[in-house]
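# Examination of the molecular architecture
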Amino acid sequence: MIAVWYERQGPADEVLQMGELPDPHPGPGEVRVRVRYSGVNPGDTKKRRGWLGSTMPFPRVIPHSDGSGIVDQVGPRVDPSRVGQRVWVYGAQSYRPYGTAAQYVVVPDHQAIELPTEVDDLTGACLGIPGITAHRAVFGDGPVAGSTVLVHGALGAVGSLAAQLAHLAGAHVIATVRRIDDLSQLTGPSLTRAVAVNQPDPAQAIRAHAPDGVDRIVEVAFSDNVDLDAAVAKNNSVIAAYATRVDRPDFPFWSMLFNNITIRLLGSDDFPPAAKHQAAIDLTSAARDGDLVIPLSPLLPLEQTAVAHDRVDTNNRHRTILAIPG
């Protein structure tokens with residue numbers, strides 16, 4: 001099969017290789033997917049460059065955990081009728097060496113989710129890490145119907161999906177962007193209650209939409225926003241954070257303690273299996289019903305994987321997808 005891989009960590013244009021590798025075959029409980037599109041995420045580029053001192057978990061890594069395609073082989077203990085199904089996959093390179101930047105990928109059966117006819121393959125390739133992270137951020141502490149959910153970074157891959165999922169679930173969504181100029185780029189449910197965090201008093205602007213405070217906060221920059229979060233959180237609210245700019249952030253302990261605030265930290269590789277399963281069901285259903293809008297960057301061919309990695313590191317507002325050759 002044709003694939004892209006790396007055998008050492010470093011800059012994308014220095015370590016990524018493209019060529020022929022042996023075709024993989026599914027083992028017990030696994031399926032093989034003929035990949036059509038491979039989704040690239042920040043976690044993929046971080047693994048490749050050795051972010052935070054991470055090392056090579058395997059001698060050779062085919063990157064990317066997200067993708068879409070068609071099941072063309074099944075292993076023992078898998079229903080043979082799955083052959084020919086259109087699917088989206090998640091976690092392909094989570095604790096495994098070979099991801100979706102290849103013509104074929106093997107994943108556990110439950111990580112290949114059937115795509116309804118209403119959902120195109122490009123959308124399927126976008127649902128994995130951002131969608132499951134967004135779902136966990138919104139629903140990890142229970143239903144949100146009737147509650148107020150503050151979503152920071154609503155133009156990003158995770159934030160955009162979190163705002164949409166929370167709105168679909170009946171929450172009152174308040175969305176933030178970094179700059180006032182970014183407000184014009186918001187679409188959908190984020191439009192009606194939107195705040196730029198660089199305005200003079202963002203807490204007052206958020207309180208204008210939620211005078212009693214917010215129940216849940218989806219956080220993309222914990223170190224930057226934690227004082228703002230503390231200023232607008234209700235008693236017993238939750239801050240669900242999936243990223244931070246500063247590795248060891250400070251936060252206002254006593255004011256957050258007196259408000260009984262829960263800080264939930266989200267590492268997508270290790271969400272509970274049941275949470276991933278429910279996220280996959282809900283994301284597929286929302287996509288089938290036409291309720292998800294996912295902005296895409298121009299499609300790139302597999303041979304431009306290094307370009308795709310650099311694009312992801314400089315702009316996370318639009319999903320970066322690779323087309324896999326037939």
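Residues numbered from 1 in each chain as written. Predicted model: local features only at pLDDT ≥ 70, side-chain atom pairs only at ≥ 80, totals over all residues. Heavy atoms only, no water.

### Here's the deal with the domain arrangement of the protein chain
Segmentation of the protein chain into domains returns domain 1 (2-126 + 296-323) and domain 2 (130-265). Its C-alpha centre places domain 1 at a distance of 30 Å from the equivalent point of domain 2. Summed over both partners, the interface of domain 1 with domain 2 buries about 610 Å², with 54% contributed by carbon and sulfur atoms. For the pair domain 1 and domain 2, the number of links is zero salt bridges. Our enumeration of links across domain 1 and domain 2 arrives at zero residue pairs in polar contact (both at pLDDT 80 or more). The residue makeup of the side of domain 1 that touches domain 2, split by class, is two nonpolar, two polar and three charged. (Domains from an automatic or database assignment. Buried area = accessible area lost by both parts, 1.4 Å probe. Salt bridge = Lys/Arg side-chain N within 4 Å of Asp/Glu carboxyl O. Polar contact = N/O pair within 3.5 Å; in protein donor to acceptor, adjacent residues only side chain to side chain. Nonpolar A, V, L, I, M, F, W, Y, C, P; charged D, E, K, R; others polar.)

### Quick look at the sheet that holds strand β12 (residues 233-241)
As summarised here, the arrangement of the six strands in space is β10-β9-β8-β11-β12-β13, forming an open sheet in which the pairing is parallel. Both outer strands of the open sheet, β10 (194-196) and β13 (262-265), are each paired with one neighbouring strand and no more. The average angle at which neighbouring strand axes cross in this sheet is 20 degrees, direction not considered. The sheet contacts of helix α6 (residues 202-209) involve β8 (148-151), β9 (172-177), β10, β11 (214-219) and β12, and relative to β10 the element is tilted by about 175 degrees. (Pairing = 2+ DSSP bridges. Helix = DSSP H or I, 4+ residues; strand = E, 2+ residues; numbered from the N terminus. Axes fitted to C-alpha atoms, helices over the stretch in contact; angles between N-to-C directions. Contact = heavy atoms within 4.5 Å.)

### Considering the pattern of salt bridges
Tallying each qualifying case throughout the model produces 13 salt bridges. Here R179 ties to D182 by a salt bridge, and the two come within 3.6 Å at their closest N and O atoms. Its relative accessible area of 4% is what places D182 among the buried residues. Of the charged contacts in the structure, one is a salt bridge between D215 and K234, with a shortest N-O distance of 3.2 Å. Highlighted residues: D215 in strand β11 and K234 in strand β12, separated in sequence by 19 residues. Relative accessible area serves as the criterion here: at 23%, D215 is assigned to the partly exposed category. Each member of the salt-bridge network shares a partner with another, and the members are R36, R86 and D121. (Buried < 20%, exposed > 50% of the residue type's maximum accessible area, 1.4 Å probe, protein only.)

### What about the nonpolar core?
Nonpolar side chains tend to gather and get buried jointly when the protein is soluble and globular. Judged by nonpolar contacts, the single largest core of 36 residues is most densely connected at W88, V149, V151, V218, L283 and L292. When contributions to this core are tallied by element, the ones reaching two or more residues are α4 (129-139), β8, α5 (157-168) and α9 (273-288). Of all the elements, α5 adds the most residues to this core, at six residues. When residues of this core are sorted by domain, at least three fall in each of domain 1 (2-126 + 296-323) and domain 2 (130-265). Contacts of V151, omitting those with residues within four sequence positions, involve G159, A162, A163, V173, I174, A175, T176 and V218. Listed in part, the 33 residues of the second largest apolar core include Y6, V71, V107 and A112. (Core = buried A, V, L, I, M, F, W, Y, C linked by side-chain atoms within 4.5 Å.)

### Digging into a nonpolar patch on the surface
Residues F251, F253, W254, L257, F258, I263 and L265 make up a contiguous nonpolar surface patch of roughly 750 Å² in combined accessible area. Of all the elements in the fold, those that place two or more residues in the nonpolar patch are α8 (253-258) and β13. Ranked by residues supplied to the nonpolar patch, first place goes to α8 with four residues. Within the secondary structure, W254 is located in helix α8. With a relative accessible area of 54%, W254 lands in the exposed category. (Patch = residues over 30% accessible without salt bridge, like charges linked within 9 Å, V, L, I, M, F, W, Y side chains within 5 Å. Areas by Shrake-Rupley, 256 points an atom, 1.4 Å probe, with all protein chains shown as cover.)

### Here's the deal with the packing of α4 against α9
In the contact formed by α4 and α9, the axes pass within 9 Å of each other and the chain directions differ by 110 degrees. Regarding the angle of α4 to α9, the classification is roughly perpendicular. Side by side, α4 and α9 meet where G131, I132, H135 and R136 of the first sit next to A275, K276, Q278, A279, D282 and L283 of the second. In terms of residue class, the contact of α4 with α9 is made up of four nonpolar, three polar and three charged. (Parallel < 35°, antiparallel > 145°, perpendicular 65-115°, else oblique.)

### Comments concerning the packing of helix α2 (residues 42-49) against helix α10 (residues 305-314)
One way to put it is that α2 packs onto α10 with a least axis distance of 9 Å and a crossing angle of 110 degrees. Taken together, the axes of α2 and α10 lie roughly perpendicular to each other. Of the two elements, α2 crosses α10, and the hand of that crossing is left-handed. Within the contact between the two elements, α2 uses P42, D44, T45, R48 and R49 and α10 uses H309, V312 and D313. (Left-handed = near helix turned anticlockwise from the far one by under 90°.)

### As for unusual backbone geometry
With phi around 75 degrees, R77 is a residue other than glycine that occupies positive phi space. Even without glycine at this site, N236 takes up a positive phi of about 70 degrees. Structurally, N236 can be placed in strand β12. On the basis of relative accessible area, N236 is assigned to the exposed category, the value being 56%.

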